[in-house]
Amino acid sequence: DTGVSQDPRHKITKRGQNVTFRCDPISEHNRLYWYRQTLGQGPEFLTYFQNEAQLEKSRLLSDRFSAERPKGSFSTLEIQRTEQGDSAMYLCASSSKTTYQETQYFGPGTRLLVL
Amino acid sequence: DAKTTQPTSMDCAEGRAANLPCNHSTISGNEYVYWYRQIHSQGPQYIIHGLKNNETNEMASLIITEDRKSSTLILPHATLRDTAVYYCIVRVASGGSYIPTFGRGTSLIVHP
């Protein structure tokens, strides 16, 4: 399967713990996005990378959140000192951008529950 | 802060065409319109995209108005498996980037 993969698919943690999620994009894609989705809402943009550079971060991304893409391939999203409000689906998408076209391909998501 | 407007929900009989509208009146001249769908608890799935011409692929057809302010996704023969949330997306300027931005989408229910 050459699609976007995410690990783990589900995570249950206690409030105050740190969690880390991994995303493996489609190999030839240079852009990688993280989104967060809560029940009944569309995905909300968190941050994105072009190769290894993090080019944009949403106001939603508090200082407890950090993302990396060290070699321009896979990416990790870490949440420190988790709060119950962090419970959501975390989605990763990758794309290969041309001048005006950019089709994103999404992974299956990581569902986080903070108790 | 989505730049698209879609009806919250729609329903359609199995075997009939499902026509899902989207308004994107502030779309810039060079930006494409993308459609995705999301089946419960899965990641969004790409369906189709277009600039100003009508487009068709194996999943759906996309009709874009001449002024590009709205579009309609057509599922020509809806099946029960087409029940999903459908998102119409444009990229929105944010800082120095253009970010694909989702609204709340249309929940399509296909009934027997």
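Bear in mind the structure is a predicted one, so any value in this text is a computation, not a measurement.

Conventions we followed
- Residues numbered from 1 in each chain as written.
- Chains lettered and ligands numbered in written order.
- Predicted model: local features only at pLDDT ≥ 70, side-chain atom pairs only at ≥ 80, totals over all residues.
- Heavy atoms only, no water.
- Helix = DSSP H or I, 4+ residues; strand = E, 2+ residues; numbered from the N terminus.
- Buried < 20%, exposed > 50% of the residue type's maximum accessible area, 1.4 Å probe, protein only.
- Areas by Shrake-Rupley, 256 points an atom, 1.4 Å probe, with all protein chains shown as cover.
- Disulfide = S-S within 2.5 Å.
- Phe/Tyr/Trp six-rings, centres within 6.5 Å; stacked < 30°, edge-to-face > 60°.
- Contact = heavy atoms within 4.5 Å.
- Buried area = accessible area lost by both parts, 1.4 Å probe.
- Salt bridge = Lys/Arg side-chain N within 4 Å of Asp/Glu carboxyl O.
- Polar contact = N/O pair within 3.5 Å; in protein donor to acceptor, adjacent residues only side chain to side chain.
- Nonpolar A, V, L, I, M, F, W, Y, C, P; charged D, E, K, R; others polar.
- Pairing = 2+ DSSP bridges.
- Axes fitted to C-alpha atoms, helices over the stretch in contact; angles between N-to-C directions.
- Core = buried A, V, L, I, M, F, W, Y, C linked by side-chain atoms within 4.5 Å.

Visitor: Any chance you could explain the overall build of chain A here in plain terms?
Guide: Looking only at helices and strands, one finds zero helices and eleven strands in chain A. Taken from N to C terminus, the helices and strands of chain A fall in the order β-β-β-β-β-β-β-β-β-β-β. Its C-alpha atoms put chain A at 40 × 30 × 30 Å along the principal axes. Counting the 115 residues in chain A, one finds 47% classified as buried. Looking at chain A as shown, the accessible area adds up to about 5,900 Å², and 44% of this sits on carbon and sulfur atoms.

Visitor: How should the state of the cysteines be read in this particular structure?
Guide: Disulfide: a covalent bond connecting the sulfur atoms of a pair of cysteines. Residue and element names in this part refer to chain A. What the rule picks out here adds up to two disulfides over all chains. Here Cys 23 connects covalently by a disulfide to Cys 92, the sulfurs 1.8 Å from one another. Note on the Cys 23 and Cys 92 pair: the S-S dihedral is about -65 degrees, so by sign convention the disulfide is left-handed. With Cys 23 in strand E3 (residues 19–24) and Cys 92 in strand E9 (residues 88–95), this pair connects stretches of sequence that are 69 residues apart.

Visitor: Sorry if this is basic, but what is going on with the packing of aromatic side chains here?
Guide: Aromatic ring pairs are described here by two measures, namely the spacing of the ring centres and the angle between the planes. Taken as a whole and judged by the stated rule, the model has 16 aromatic pairs over all chains. An angle of 45 degrees between the planes, with centres 5.4 Å apart, marks the rings of Phe21(A) and Tyr90(A) as tilted. On the criterion of sequence distance, the pair formed by Phe21(A) in strand E3 and Tyr90(A) in strand E9 is long-range, its members being 69 residues apart. A single burial state applies to Phe21(A) and to Tyr90(A), both of which are buried. With a centroid separation of 5.7 Å and an interplanar angle of 85 degrees, the aromatic rings of Phe106(A) and Phe102(B) are classed as edge-to-face. A residue pair is termed interchain when its members come from two chains, as with Phe106(A) in strand E10 (residues 105–106) and Phe102(B) in the loop between strand E9 (97–101) and strand E10 (106–111).

Visitor: I'm lost on the interface of chain A and chain B in this one. Help?
Guide: How big an interface is tends to be stated in terms of accessible area lost as the parts join. On the side of chain B, 24 residues touch chain A, which itself brings 26 residues to the contact. Of the roughly 2,000 Å² buried where chain A meets chain B, counting both sides, 48% is carbon and sulfur surface. Linking chain A with chain B are one salt bridge, by the criterion used here. Between Arg91(B) and Glu102(A) there is a salt bridge; the shortest N-O distance is 2.8 Å. Inspection of the region where chain A meets chain B yields eleven residue pairs in polar contact (both at pLDDT 80 or more). Secondary structure elements with two or more residues in the side of chain A that touches chain B: strand E4 (31–37), strand E5 (44–50), strand E6 (53–57), E9 and E10 of chain A. Ranked by residue count, the leading element in the side of chain A that touches chain B is E4(A), at four residues. The class makeup of the residues in the side of chain A that touches chain B is twelve nonpolar, nine polar and five charged.

Visitor: Explain the sheet that holds E3(A) here, please?
Guide: Hydrogen bonds along the backbone pair up the strands of a sheet, which may run parallel or antiparallel. Residues and elements named next belong to chain A. Sheet architecture is open: four strands sit in the order E1-E3-E8-E7, paired in antiparallel fashion. One side of each edge strand has no neighbouring strand; the edge strands of this open sheet are strand E1 (5–7) and strand E7 (65–68). Neighbouring strand axes in the sheet, compared pairwise and without regard to direction, differ in orientation by 15 degrees on average.

Visitor: Where do I start with the nonpolar core in this structure?
Guide: Considering soluble globular proteins, one finds that nonpolar side chains tend to be buried as a cluster. Core analysis: the largest hydrophobic core is formed by 21 residues, its most contacted members being Trp35(B), Leu73(B), Tyr86(B) and Leu108(B). At the level of elements, strand E2 (18–23), strand E3 (33–38), strand E4 (45–50), strand E6 (61–64), strand E7 (70–75), strand E8 (84–94) and E10 of chain B are the ones that each hand at least two residues to this core. No other element matches E8(B), which puts four residues into this core. Not counting the four nearest positions on each side in its chain, Tyr86(B) is found in contact with Gln6(B), Leu20(B), Trp35(B), Tyr36(B), Arg37(B), Ile47(B), Leu73(B), Leu75(B), Gly105(B), Thr106(B) and Leu108(B). Residues Val19(A), Ile26(A), Trp34(A) and Leu61(A) belong to the second largest nonpolar core, which totals 19 residues.

Visitor: Got a minute to help me understand the side chain of Glu31(B) in this structure?
Guide: Note that Glu31(B) resides in the loop between E2 and E3. For Glu31(B), the side chain forms a polar contact with the side chain of Arg91(B), separated by 2.9 Å. In this structure, Glu31(B) is in contact with Tyr100(A), Leu51(B), Arg68(B), Arg91(B) and Tyr98(B), ignoring residues within four places of it in sequence.

Visitor: Just checking my understanding: could you explain the pairing of E6(B) for this structure?
Guide: Residue and element names in this part refer to chain B. The pairing of strand E5 (residues 55–56) with E6 spans two bridges and is antiparallel. Considered in E6, the bridge of Glu 55 is made with Leu 62. The hairpin turn running from E5 into E6, its antiparallel successor, is four residues long. In textbook terms, the turn of a hairpin is the stretch between consecutive antiparallel strands, and for E6 and E7 this stretch comprises five residues, one of which, Arg 68, has a positive phi near 65 degrees.

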